[in-house]
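For reference, the chains in residue letters:
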Amino acid sequence: MMLTALGLMSGTSLDGVDVALIETDGKQIKAFGPSGYRPYSNAERSLLRRALTEAVHLPRRDARPGALAEAERAVTLAHAEAVAAFTAQNRMKPEEIDIVGFHGQTVLHRPERRLTVQIGDAAALAKAIHIPVMHDFRAADVEAGGQGAPFVPVYHRALAQSLEREGPIVVVNIGGVANITYIDGNDTLIACDTGPGNALLDDFMYRTMNQAFDTEGKFAALGKADEAWVARALELPFFRLPPPKSLDRNDFAALKLGDVQPADGAATLTAFTAAAIARIIPLLPRRPRSWIICGGGARNLTMLRMLREQVGSATVQAAETLGWASDAIEAQAFGFLAARALKGLPLSYPATTGVPMPMTGGVIARP
Ligand SMILES: Nc1ncnc2c1ncn2[C@@H]1O[C@H](COP(=O)(O)OP(=O)(O)OP(=O)(O)O)[C@@H](O)[C@H]1O
Ligand SMILES: CC(=O)N[C@H]1[C@@H]2OC[C@@H](O2)[C@@H](O)[C@@H]1O[C@H](C)C(=O)O
């Protein structure tokens, strides 16, 4: 049975809530619907940054000390507003949407402690929007010993099926953290986080230039990357680990650039993201032939150029060039995952998160 699912994603970049409608049976994509975006205000973003800092000490996934309780209310409210604006704009009634997939905001990700924390009150959201809400996608996976991330690979596979191109194909999502899905025919699906996405660069741009991000990578294009710094950073043990593996947004926050010109710093961090993505090549079964880039990083032309320089003769394409709605992919993915969860289909696999067996997940909150 086809379902109309609305996916909601608030990613590690802390930029806002992405909303996207998808019609799917959880296996195939029948149609894409419209998408939307509700940015966080500066005050909301500061509150989320505080919540991330304070979450480092969280003992349990349901504890909400300090700023976390207020941040959770803000996240829930922002999502309720995002849905209300989306349905009003597209003249939809709540009854026309079968299920909402609500990721929430990750504030801490420590799979080695069997802990991954997404804030956002699904029961309150379901009541506010009058639609059943699937949430807590990562918890069961982490409890079973998986990495709890990435979860978009099943959706990347569904998207790639329509391409009919020879593999291996890698779909890269460059959000706050970067992650890849390796697809080779129908049977091979491998995934992991690769390292930083935009978070380090965003934080640097904010500190040095008071800008949220490096638009189109123009600022980094003016600078010169410190290749020796990048090579040293890539010696961290994480980069040697084979997939599956995952990261917390702030796992590389302790890396310091030292005293650099801002443009050189931006170039170095951009090069670090590109090199960390390419560092996965020797850890994959075969060398990928094509790389498809989605997430906000696909708009960073310097990052794309640096990635092209790293992958030799393989093609590197922004997802938009294939007609995929790059900014909406993660929200679509959580709509797709909500449909899969409703049907009890697996969300994660041993080769995507390291979970011992294919696992479904998600918890439903009804209005
Ligand atoms: N025009 C642009 N030029 C360059 N970079 C951009 C542009 N637009 C967005 N970005 C980058 O993309 C980021 C947002 O990406 P995205 O929305 O994919 O992240 P996310 O979904 O929050 O993260 P994650 O996938 O880690 O959960 C911004 O913070 C910025 O760094
Ligand atoms: C714990 C968590 O929220 N991880 C995010 C983060 O952002 C990108 C990368 O790290 C990815 O592993 C994941 O998000 C995507 C949506 C995923 O689960 O596939």
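Residues numbered from 1 in each chain as written. Chains lettered and ligands numbered in written order. Predicted model: local features only at pLDDT ≥ 70, side-chain atom pairs only at ≥ 80, totals over all residues. Heavy atoms only, no water.

### Quick notes on the site of ligand 1
Next up, step 1: In the vicinity of ligand 1 there are 22 residues, among which Thr12, Gly176, Asp202, Glu216 and Glu330 approach most closely.
Next up, step 2: Between ligand 1 and the protein, one listed contact pairs an oxygen atom with a side-chain N or O atom of Asn173 at 3.0 Å.
Next up, step 3: Within the side chain of Asn198, one N or O atom sits 3.4 Å away from an oxygen atom of ligand 1.
Next up, step 4: Taking 650 Å² as the accessible area of ligand 1 by itself, protein coverage stands at 88%.
Next up, step 5: Class assignment of the residues belonging to the shell around ligand 1 gives a composition of 4 nonpolar, 12 polar and 6 charged.
Next up, step 6: Viewed by domain, the shell around ligand 1 spans two of them, domain 1 (3-147 + 329-365) and domain 2 (153-322), each represented by three or more residues. (Near = heavy atom within 4 Å. Polar contact = N/O pair within 3.5 Å; in protein donor to acceptor, adjacent residues only side chain to side chain. Areas by Shrake-Rupley, 256 points an atom, 1.4 Å probe, with all protein chains shown as cover. Nonpolar A, V, L, I, M, F, W, Y, C, P; charged D, E, K, R; others polar. Domains from an automatic or database assignment.)

### Side note on the domain arrangement of the protein chain
When the parts of a complex come together, some accessible area is lost, and that lost area is often used as the size of the interface.
Next up, step 1: Domains assigned within the protein chain are domain 1 (3-147 + 329-365) and domain 2 (153-322).
Next up, step 2: Between the C-alpha centres of domain 1 and domain 2 the distance comes to 23 Å.
Next up, step 3: Across the contact, 30 residues belong to domain 1 and 26 residues belong to domain 2.
Next up, step 4: A combined buried area of about 2,100 Å² lies between domain 1 and domain 2, and 57% of that area is made up of carbon and sulfur atoms.
Next up, step 5: Area buried by domain 1 at its contact with domain 2 is led by Thr12, Ile329 and Thr352, which between them contribute 25% of it.
Next up, step 6: Viewed at the interface, domain 2 and domain 1 are joined by 2 salt bridges.
Next up, step 7: Linking Arg110 and Asp251 is a salt bridge whose minimum nitrogen-to-oxygen distance equals 2.9 Å. (Contact = heavy atoms within 4.5 Å. Buried area = accessible area lost by both parts, 1.4 Å probe. Salt bridge = Lys/Arg side-chain N within 4 Å of Asp/Glu carboxyl O.)

### Let's talk about the side chain of Thr106
Next up, step 1: Relative to the assigned elements, Thr106 resides in strand 4 (residues 99-110).
Next up, step 2: The contact partners of Thr106, leaving out residues within four places of it in the chain, are Leu52, Val117, Gln118 and Arg138. (Helix = DSSP H or I, 4+ residues; strand = E, 2+ residues; numbered from the N terminus.)

### Section: the packing of helix 1 (residues 42-55) against helix 2 (residues 67-89)
Next up, step 1: Here helix 1 crosses helix 2 at 135°, and the two axes come no closer than 9 Å. By the angle class used here, helix 1 and helix 2 are oblique. Crossing of helix 1 against helix 2: the hand is left-handed. Across the interface between the two elements, Leu47, Leu48, Arg50, Ala51, Glu54 and Ala55 from helix 1 touch Ala67, Leu68, Glu70, Ala71, Ala74 and Val75 from helix 2.
Next up, step 2: Looking at the contact of helix 1 with helix 2 residue by residue, the class counts come to 9 nonpolar, no polar and 3 charged. (Axes fitted to C-alpha atoms, helices over the stretch in contact; angles between N-to-C directions. Parallel < 35°, antiparallel > 145°, perpendicular 65-115°, else oblique. Left-handed = near helix turned anticlockwise from the far one by under 90°.)

### Brief notes about the UniProt feature "binding site: ATP" (unreviewed entry) in the protein chain
Next up, step 1: With numbering matched to this structure, UniProt assigns "binding site: ATP" (unreviewed entry) to Gly11, Thr12, Ser13, Leu14, Asp15, Gly16, Val17 and Asp18. Considering only the residues just annotated, the second largest cavity is lined by Thr12.
Next up, step 2: Leave out the neighbours within four places in its chain, and Thr12 touches Gln105, Gly176, Val177 and Arg249.
Next up, step 3: Leaving out residues up to four positions away in the same chain, Ser13 has contacts with Gly175, Gly176 and Asp202. (UniProt positions renumbered as here; feature names shortened; annotations may be inferred. 1 Å grid on protein atoms, 1.4 Å probe; cavity = no way out; pocket = protein on both sides within 12 Å on 5 of 7 lines; lining within 4 Å.)

### Here we look at the packing of aromatic side chains
Next up, step 1: Taken as a whole and assessed by the stated rule, the structure comprises 8 aromatic pairs.
Next up, step 2: Judged by centre distance (5.2 Å) and plane angle (70°), the ring pair of Phe137 and Phe334 falls under edge-to-face. Of the two residues, Phe137 is situated in the loop between strand 6 (133-135) and helix 4 (139-143) and Phe334 in helix 11 (residues 329-342); the sequence distance between them amounts to 197 residues.
Next up, step 3: Here Phe137 falls in the buried class, since its relative accessible area comes to 3%.
Next up, step 4: Judged by relative accessible area, which is 1%, Phe334 ranks as buried.
Next up, step 5: Among the aromatic residues, ring-to-ring pairing joins Trp229, Phe238, Phe239, Phe252 and Phe272 into one connected group.
Next up, step 6: Just above the ring of Tyr206 sits the side chain of Arg49; from NZ or CZ to the centre is 5.5 Å. (Phe/Tyr/Trp six-rings, centres within 6.5 Å; stacked < 30°, edge-to-face > 60°. Buried < 20%, exposed > 50% of the residue type's maximum accessible area, 1.4 Å probe, protein only. Lys NZ or Arg CZ within 6 Å of the ring centre and 35° of its normal.)

### Some thoughts on unusual backbone geometry
Next up, step 1: Cis geometry is found at the peptide bond from Ala149 to Pro150, where omega equals -10°.
Next up, step 2: Residue placement: Pro150 occurs in the loop between helix 4 and helix 5 (153-161).
Next up, step 3: With an omega of -10°, the peptide bond between Gly167 and Pro168 qualifies as cis.
Next up, step 4: Inspection of the secondary structure puts Pro168 in the loop between helix 5 and strand 7 (169-174).
Next up, step 5: Phi at Asp136 is positive, roughly 55°, even though this residue is not glycine.
Next up, step 6: Within the secondary structure layout, Asp136 lies in the loop between strand 6 and helix 4.

### Structural notes on the site of ligand 2
Next up, step 1: Contacts to ligand 2 come from 16 residues, most closely from Thr106, Arg138, Phe151, Val152 and Asp193.
Next up, step 2: Contact distances for ligand 2 include 2.6 Å between an oxygen atom and a side-chain N or O atom of Thr106.
Next up, step 3: Between ligand 2 and Phe151 there is a distance of 2.8 Å, counted from an oxygen atom to a backbone nitrogen or oxygen.
Next up, step 4: Considered on its own, ligand 2 offers 430 Å² of accessible surface; in the complex 98% of this is hidden by protein.
Next up, step 5: When its residues are assigned to classes, the shell around ligand 2 shows 7 nonpolar, 6 polar and 3 charged.
Next up, step 6: If you count residues domain by domain, the shell around ligand 2 takes at least three from each of domain 1 (3-147 + 329-365) and domain 2 (153-322).

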